[in-house]
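Below are the chains, spelled out letter by letter.
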Amino acid sequence: MNKTKFVNEIWAFIPARAGSSLKDKNIRKLNGKPLIYYSIKTAFQSKCFGKVIFSSDSKKYIDIALEINNKLKIHERNAKISSATASEYSVFKDYIDKNEKVLPLYFAHLRPTNPVRNIKTIKKVIKIFKKIQSKYSCMRLLNETSKPTYWSCGVKNNRVYTAFNNDYDVNKLWLARQTFKKTYFINCHIDLYKTKHIIKNKNLWGKKVYGYIDNDSTIVDIDTNEDFKYAEYVMSKKIKKM
């Protein structure tokens, strides 16, 4: 990596493997378009990215992606880093290793399972990220949980235990919602990474993650048939507002 040329750009990275609990989820039709269509379209329409990279282990997926936009840069990956247990880091690492001569300073991670994005938000968080990136390892967007995460529990031999403390004293956690601090979940609207951090630390996120509170209720992370139905509902509502 000593001879790598880093360009002051953000490259969008859209990973879409063929395997899924839902057969061909990433190319399943959503409002008449394959699911990957929406992330590809948003990436180009935003005009925020020096390159838009589509990563897949499937020739079928790659062909469909290029039909959507032939200006895509393609990252062909193998089955080993396309399994259900393969880490997202391994996919980025494979791309970086194969393209080490020229790399961007930053990557934007656009997961295809999130078809509903706000371009104004993308532009806004990129502007913020450029200002704060020297102090943080990456940026991730958050939505507030409707209920405190501290209420989460597990069951072992029919006994309920606290997921956080891993003990059976549930009384200290089953308190009024107002007792707890706000908690959040990663909404996968967009993640912003530093390439040099990925190379040096061998991970995507690091220990100094900047959390941008997005609270976008239209964000959908599709994993089930019900999620597809909800995405169709959300998209129909957004179209009616336009």
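Residues numbered from 1 in each chain as written. Predicted model: local features only at pLDDT ≥ 70, side-chain atom pairs only at ≥ 80, totals over all residues. Heavy atoms only, no water.

Peer 1: Honestly, unusual backbone geometry in this entry has me stumped. Any pointers?
Peer 2: Most of the time, phi is negative for any residue but glycine, and the peptide bond is trans. With a phi close to 50 degrees, Asp24 is a non-glycine residue in the positive phi region. Mapping Asp24 onto the fold places it in the loop between strand S1 (5–15) and strand S2 (29–30). Look at Asp24 and you get partly exposed, because its relative accessible area is 21%. Despite not being glycine, Lys202 shows a phi value in the positive range, around 60 degrees. Counting through the fold element by element, Lys202 comes out in the loop between helix H5 (195–201) and strand S11 (209–213). (Helix = DSSP H or I, 4+ residues; strand = E, 2+ residues; numbered from the N terminus. Buried < 20%, exposed > 50% of the residue type's maximum accessible area, 1.4 Å probe, protein only.)

Peer 1: Explain the nonpolar core here, please?
Peer 2: Note on soluble globular proteins: their nonpolar side chains tend to be buried together. Counting residues in each nonpolar core, the largest one holds 29 residues, and the members touching the most others are Ile36, Phe49, Phe54, Ile190 and Leu192. Elements supplying a minimum of two residues to this core: S1, helix H1 (36–46), strand S4 (51–56), helix H2 (59–68), strand S6 (102–109), helix H4 (119–132), strand S7 (138–144) and strand S10 (184–194). Take this core: its biggest share by element is five residues, from H4. Beyond its immediate stretch of four places on either side in the chain, Ile190 contacts Phe49, Ala108, His109, Leu110, Ile122, Val125, Met139, Arg140 and Leu141. Formed by 15 residues, the second largest nonpolar core is a distinct cluster that contains Val7, Tyr89, Phe107 and Leu204. (Core = buried A, V, L, I, M, F, W, Y, C linked by side-chain atoms within 4.5 Å. Contact = heavy atoms within 4.5 Å.)

Peer 1: Just checking my understanding: could you explain a nonpolar patch on the surface for this structure?
Peer 2: A cluster of nonpolar side chains, contributed by Val155, Val160 and Trp174, occupies part of the molecular surface with about 290 Å² of accessible area. Relative to the helices and strands, Trp174 is located in the loop between strand S9 (159–162) and S10. (Patch = residues over 30% accessible without salt bridge, like charges linked within 9 Å, V, L, I, M, F, W, Y side chains within 5 Å. Areas by Shrake-Rupley, 256 points an atom, 1.4 Å probe, with all protein chains shown as cover. Salt bridge = Lys/Arg side-chain N within 4 Å of Asp/Glu carboxyl O.)

Peer 1: Got a minute to help me understand the pattern of salt bridges in this structure?
Peer 2: Two side chains of opposite charge can pair, provided their charged atoms sit close to one another. According to the stated counting rule, one finds ten salt bridges in the structure shown. The residue Asp223 makes a salt bridge to Lys25 at a minimum N-O spacing of 3.4 Å. Here Asp223 is found in the loop between S11 and helix H6 (225–241), whereas its partner Lys25 is found in the loop between S1 and S2, with 198 residues between them in sequence. Lys25 gets classed as buried once you look at its relative accessible area, which sits at 9%.

Peer 1: How should the state of the cysteines be read in this particular structure?
Peer 2: Joining two cysteines, a disulfide is a covalent bond between their sulfur atoms. All chains considered together, the criterion is met by zero disulfides. For Cys188, which is in no disulfide, the shortest distance to another cysteine sulfur is to Cys138 and amounts to 12 Å. (Disulfide = S-S within 2.5 Å.)

Peer 1: Explain the packing of H1 against H4 to me, please; I cannot follow it from the model alone.
Peer 2: Two numbers describe a pair of packed helices, the interaxial angle and the distance between the axes. Packing of H1 against H4 brings their axes to within 10 Å, and their N-to-C directions diverge by 60 degrees. Between H1 and H4, the angle falls in the class oblique. Crossing geometry of H1 relative to H4 is assigned as right-handed. In this structure, H1 uses Thr42, Gln45 and Ser46 to contact H4, whose residues at the interface are Ile119, Ile122 and Lys123. Class assignment for the residues of the contact of H1 with H4 results in two nonpolar, three polar and one charged. (Axes fitted to C-alpha atoms, helices over the stretch in contact; angles between N-to-C directions. Parallel < 35°, antiparallel > 145°, perpendicular 65-115°, else oblique. Left-handed = near helix turned anticlockwise from the far one by under 90°. Nonpolar A, V, L, I, M, F, W, Y, C, P; charged D, E, K, R; others polar.)

Peer 1: How should the environment of Glu144 be read in this particular structure?
Peer 2: Tracing the backbone through its elements, the reader meets Glu144 in strand S7. Considering only alpha carbons, one finds Glu144 and Asn8, 136 residues apart in sequence, at a separation of 33 Å.

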